[in-house]
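Listed below are the residues making up each chain.
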Amino acid sequence: MSKRIEGRVQELHVRFVNYGRNAREWMRKCVMLLPEIERERVWEKKGFGSVYEYAGKLAGMSRSCVDEALRVLKRIQDKPELILVAEERGINAVKPVATIATPDTAAFWAGKVETMSKNTLEVYVHEVRDQEKKCEINSEATQLLPRKELTMTLDPSLAAQLEKLCVASGGDWNVVMRKLLEARDAVLEHEQPEAVEATSRHIPAEIEKFVIKRSGGLCEFPKCTRAYAILHHTQRFALEEVHDPARLVALCVAHERLVHLGLIAYEDEAPNKWAVREEADPSEKKYAVDQKVQKFRRPG
Ligand SMILES: [Zn+2]
């Protein structure tokens, strides 16, 4: 590319980025006015048939965009901290927390919007809800938890073997399945490779293969069924340079982000004991390492 063409390309790009940024900013301003425009029926007073026609003709807004804006802004109307975030970053940024935030927790959730990507935030909100549900049910009384029904399509011979096991276990499928899982755990424990002192961050193939096998190729966070994306050292590699299969966990991107945001409690235990928490604990050794990681990972 000649110097002249190169210069022109750069100029076009800079102008486009600048105009695009401004266009988004002005669109956000329009969106924030919509609830009042609707409430005061400004559109009618100015001769338009509906708020959709008004927003469409004057700002090029689609019908679904108007609906979404009105819905989200109605939910956060009593939460000034979230309105502030919506003004700066658009309603899409606050959407994941619009239904979970209350006037009391709006500041907390606004903080989370600032530090997380949309995907991580959605997953975090999901976990918090799930945990709240669990807390509502007395955790001691697991017997009283609502049972979940699973339907399976099996080979007849396999079904017959399982049914026999069930009869032998007093007709309780929970006993059968627990035993099968314990047997699987025992096999995995037997196969687990020794931890190795690391010479580099590269995880030895044997250990990597074992962790992926244990996870079934999925994220090991409880209930998460997304494909794993990262093998995470729970001790933090920077703190202890070892590849230990017992301290390596397969995680999807969102759950790995939550771990490095310090929002997972009991991380040193097996992942089925993990729970989300509200804030990172600065007294933990991992905190400083995670802070460094955050510097490289500002939400887009
Ligand atoms: Zn996950």
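Here, every reference points to the structure presented above.
Values in this document were obtained by computation on a predicted structure and should not be read as measured data.

Conventions used here
- Residues numbered from 1 in each chain as written.
- Predicted model: local features only at pLDDT ≥ 70, side-chain atom pairs only at ≥ 80, totals over all residues.
- Heavy atoms only, no water.
- Helix = DSSP H or I, 4+ residues; strand = E, 2+ residues; numbered from the N terminus.
- Contact = heavy atoms within 4.5 Å.
- Buried < 20%, exposed > 50% of the residue type's maximum accessible area, 1.4 Å probe, protein only.
- Pairing = 2+ DSSP bridges.
- Core = buried A, V, L, I, M, F, W, Y, C linked by side-chain atoms within 4.5 Å.
- Domains from an automatic or database assignment.
- Axes fitted to C-alpha atoms, helices over the stretch in contact; angles between N-to-C directions.
- Left-handed = near helix turned anticlockwise from the far one by under 90°.
- Nonpolar A, V, L, I, M, F, W, Y, C, P; charged D, E, K, R; others polar.

Asker: Sorry, what's going on with the side chain of Arg214 here?
Answerer: Examined against the element boundaries, Arg214 turns out to sit in helix 11 (residues 205-215). Excluding its chain neighbours within four sequence positions, the residues that come into contact with Arg214 are Arg184, Leu188, Glu220, Pro245, Leu248 and Val249.

Asker: What exactly am I supposed to notice about the pairing of strand 4 (residues 248-251) here?
Answerer: In the case of a regular strand, side chains alternate between the two sheet surfaces. Along strand 4, one buried face is formed by Leu248 and Ala250 and the opposite face, lined by Val249 and Leu251, is buried too. The pairing of strand 2 (residues 230-233) with strand 4 spans four bridges and is classified as antiparallel. Opposite His233, over in strand 4, you have Leu248 as the bridge partner.

Asker: Which parts of the structure should I look at to understand the nonpolar core?
Answerer: What tends to happen in soluble globular proteins is that the nonpolar side chains get buried as a cluster. Grouped together as the largest cluster of nonpolar side chains are 50 residues, with contacts concentrated most on Leu34, Leu82, Val97, Trp109, Tyr124 and Leu258. No fewer than three residues from each of domain 1 (3-135) and domain 2 (146-296) sit in this core. Excluding its chain neighbours within four sequence positions, the residues that come into contact with Val97 are Leu82, Trp109, Val113, Leu121 and Val125. Ile207, Phe210, Val211 and Ala250 belong to the second-largest nonpolar core, a separate cluster that totals eight residues.

Asker: I'm lost on the packing of helix 3 (residues 51-59) against helix 4 (residues 63-75) in this one. Help?
Answerer: The axes of two packed helices give the description: the angle between them and the distance between them. For the pair helix 3 and helix 4, interaxial distance at closest approach is 9 Å and the crossing angle is 115°. Handedness of the helix 3/helix 4 crossing: right-handed. On helix 4, the residues touching Val51, Tyr52 and Ala55 of helix 3 are Arg63, Val66 and Asp67. Across the contact of helix 3 with helix 4, the residue classes tally to four nonpolar, no polar and two charged.

Asker: Help me understand the environment of Ala107 in this model?
Answerer: Its place among the elements puts Ala107 in helix 7 (residues 106-115). Taking the relative accessible area as the measure of exposure, Ala107 reaches 44% and is therefore partly exposed.

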